[in-house]
Amino acid sequence: MKNKRIIYKSLAIFMLTGISLGSLSCTGDYIGDVENIGSFDDVNYFKTEDQCLSATASVYDIMKKYAGGFENMVTFFNAGSDDFYAGGGSSTDGAGIQGFNNYRINPITMPASYWKDYYQGIARANWVIDRIPSAPVNDAFKKRILAEVTVLRSLYYFELIKMFGNIPLILKPINSDDDYWNIPQTPREEIYNKIEGDIVNVLADLPMTVSGSENGRITQGGARAILGKIYLYNNKKTEAAAQFAQVNGTPGQISQYGYKLVDDYKTLFEMYKVSNDKYEYHKFTSESIVEAVYTNAGMSDWSFWGQGKDEGNSICIMTGPRSYTLSSGSNAPDIVSGWAFNTVTDDLFNFMQGDPRADVTILNAKKLQQDGQITYSPAYSDTGYFLKKYAPYRTGVSDLPGSMELNFRQNYILIRLADTYLMEAEALGATGSRAQALLDAVRARVGLASVPVSLQAIKDERRRELAGEGHRWFDLVRWGDAASKLSSKGFVSGKNEVLPIPYTELLNTALNQNPQY
């Protein structure tokens, strides 16, 4: 069978997989007004391995939510943290991201896609899990597909729990005659137990490693990392540490899954020269554990912008300074003008000073302009500092048809080894020789000396190591630090630890809105 790069777009699966509790089909039509028009006859589907892979690709496709489209996870949750402002063109440039930045977000301005997209992924996963067992393909193939899709479903439920707290648990395909608008929310602990157990049950059916055209598919190491993170957020620290230990191996060395910290931190984000006029992003490095793939192959254009069909990394264009122009003879980074979202706070800029990762993380446009290297136009919440990890380098502009802004092909690493090192150290109670070794390895990679391990040292290291990668807000909430760190932005304790359920999802359903929204 010909290998498929299944993490790209599926072949064309028109079915009832876009369902949300307040809307019916992939187009989001209001449930009370329409018939079921989102389904297709799949009786003759799942007859070949190619069809099974195509269906599985539709589940992976939801991973583009992390960095794809205007409503991506990274820029949105960066904006809610103490490290970034929403930025953009004005205070009305994206009601959702602006509202989250100042904690005035409400059920009306909350972008519905953060709910709908993950439930779409869950619906697709349920479809595959339901149909694969009867497919006329070999058992080993079935087991691997079921394992991958089960892990993805658990991951998508985990994202929904982190965002919304109280959500419904749906584990089977929903038919047009099902009373799905009366599905209640499930106790959070019940969902945690389900998704944890599901991953444990399929670990043995996943490959230890993948390579070549299979890069991007879930491996055993990736599943363990996801499981460890779920355990950590569920305060099962002993279980979390055990999973992370299997992923991490001996700190600083190659683990059983082939993971190892890259030698040069900047290679995680910057481009390298392939030939005289061709550059490429570093992808699937030894540090990458779970990586979402972005491509220019879809030649994304504005005609379907905002519909979830574009396949490029949107963080790149979103975080570049506006009207960015190199001066004659300048040696400043050569990037194209962007939209100025996620401007860096003075607090993060000052916190990063003296750290070797600062120049990789932050583009100091203020200094570059003062030095005559560039010019740029300050936009909303301008500080002069911009997120550099996903900068829209001119060498990253697609040479294929389609809109330049929508076709940056930099991958997003959802979980990488430095992250799991620090999560394991935290799960170990931030004490002991192994926790110290894990912290030391992260610091030694960038040439920093050892500091005594403690929870505060781990918090500080996560902030510097993972700055701008979309983790900070969730860290603050998990640690119970959000109220103190985000009060100046308007964060209210007992309310803003979760987001409001979008208003359209409440209509004609059994769902209850989160407190104080």
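## Some details on the overall build of the protein
Part 1 of the reasoning: Scanning the protein for helices and strands turns up 18 helices and eight strands.
Part 2 of the reasoning: A principal-axis box enclosing the C-alpha atoms of the protein has dimensions of 65 × 55 × 50 Å.
Part 3 of the reasoning: Within the span of the protein, comprising 517 residues, buried residues form 59% of the whole.
Part 4 of the reasoning: In the protein, 71% of the contacts between residues at least 6 apart in sequence involve partners at least 24 apart.
Part 5 of the reasoning: When the accessible area of the protein is evaluated, it comes to approximately 19,400 Å², of which 49% is carbon and sulfur surface.

## A look at the confidence of the model for the protein
Part 1 of the reasoning: Summing up the model confidence of the protein, the mean pLDDT is 91 and the portion of residues at 70 or higher is 91%.
Part 2 of the reasoning: Low confidence marks residues 1–39, where pLDDT is under 50. Its contacts with residues over four positions away, or in another chain, come to 109 contacts.

## Some remarks on the pairing of strand β1 (residues 271–275)
Part 1 of the reasoning: One ladder, built from four bridges, connects β1 with strand β2 (residues 278–281); its direction is antiparallel. Looking at the pairing, S275 lines up with K278 of β2.

## A look at unusual backbone geometry
Part 1 of the reasoning: Of note, Y103 is a non-glycine position whose phi angle comes to about 60°, a positive value.
Part 2 of the reasoning: Even without a glycine there, the phi angle at Q516 is positive, about 70°.
Part 3 of the reasoning: You can call Q516 exposed: its relative accessible area is 53%.

## Description of helix α16 (residues 472–479)
Part 1 of the reasoning: With seven of eight residues buried, α16 is to be regarded as a mostly interior element.
Part 2 of the reasoning: In the stretch just after α16, G480 is the one whose phi turns positive, near 80°.

## Observations regarding the environment of A510
Part 1 of the reasoning: With respect to the element layout, A510 can be found in the segment after α18 (503–506).
Part 2 of the reasoning: On a C-alpha basis, the gap between A510 and G329 in space is 63 Å, while along the polypeptide they are 181 residues apart.
Part 3 of the reasoning: Other than its neighbours up to four places away in sequence, A510 contacts W181, N182, I183, P184 and Q185.

## Observations concerning the packing of helix α15 (residues 455–465) against α16
Part 1 of the reasoning: Orientation of α15 relative to α16, taken along the N-to-C sense of each, is 165°, at an axis distance of 10 Å. In terms of orientation, α15 lies roughly antiparallel with respect to α16. As α15 runs across α16, the sense of the crossing is left-handed. Contacts between α15 and α16 pair K459, R462 and R463 from the former with R472, D475, R478 and W479 from the latter.
Part 2 of the reasoning: Each residue belonging to the contact of α15 with α16 can be placed in one class, and the counts come to one nonpolar, no polar and six charged.

## What to know about helix α14 (residues 433–445)
Part 1 of the reasoning: Compared with the 18 Å implied by 1.5 Å per residue over 13 residues, the 18 Å span of α14 between its first and last C-alpha is a close match.
Part 2 of the reasoning: Residues of α14 that are buried include every one of A435, Q436, L438, L439, A441, V442, R443 and R445, and no others.
Part 3 of the reasoning: Against α8 (237–248), β8 (412–416), α13 (417–427) and α15 lie the buried residues of α14.
Part 4 of the reasoning: G447 sits one or two positions beyond α14 and adopts a positive phi of about 80°.

Rules of the game
- Residues numbered from 1 in each chain as written.
- Predicted model: local features only at pLDDT ≥ 70, side-chain atom pairs only at ≥ 80, totals over all residues.
- Heavy atoms only, no water.
- Helix = DSSP H or I, 4+ residues; strand = E, 2+ residues; numbered from the N terminus.
- Buried < 20%, exposed > 50% of the residue type's maximum accessible area, 1.4 Å probe, protein only.
- Contact = heavy atoms within 4.5 Å.
- Areas by Shrake-Rupley, 256 points an atom, 1.4 Å probe, with all protein chains shown as cover.
- pLDDT = per-residue confidence, 0-100.
- Pairing = 2+ DSSP bridges.
- Axes fitted to C-alpha atoms, helices over the stretch in contact; angles between N-to-C directions.
- Parallel < 35°, antiparallel > 145°, perpendicular 65-115°, else oblique.
- Left-handed = near helix turned anticlockwise from the far one by under 90°.
- Nonpolar A, V, L, I, M, F, W, Y, C, P; charged D, E, K, R; others polar.
- Expected span 1.5 Å × (residues − 1).

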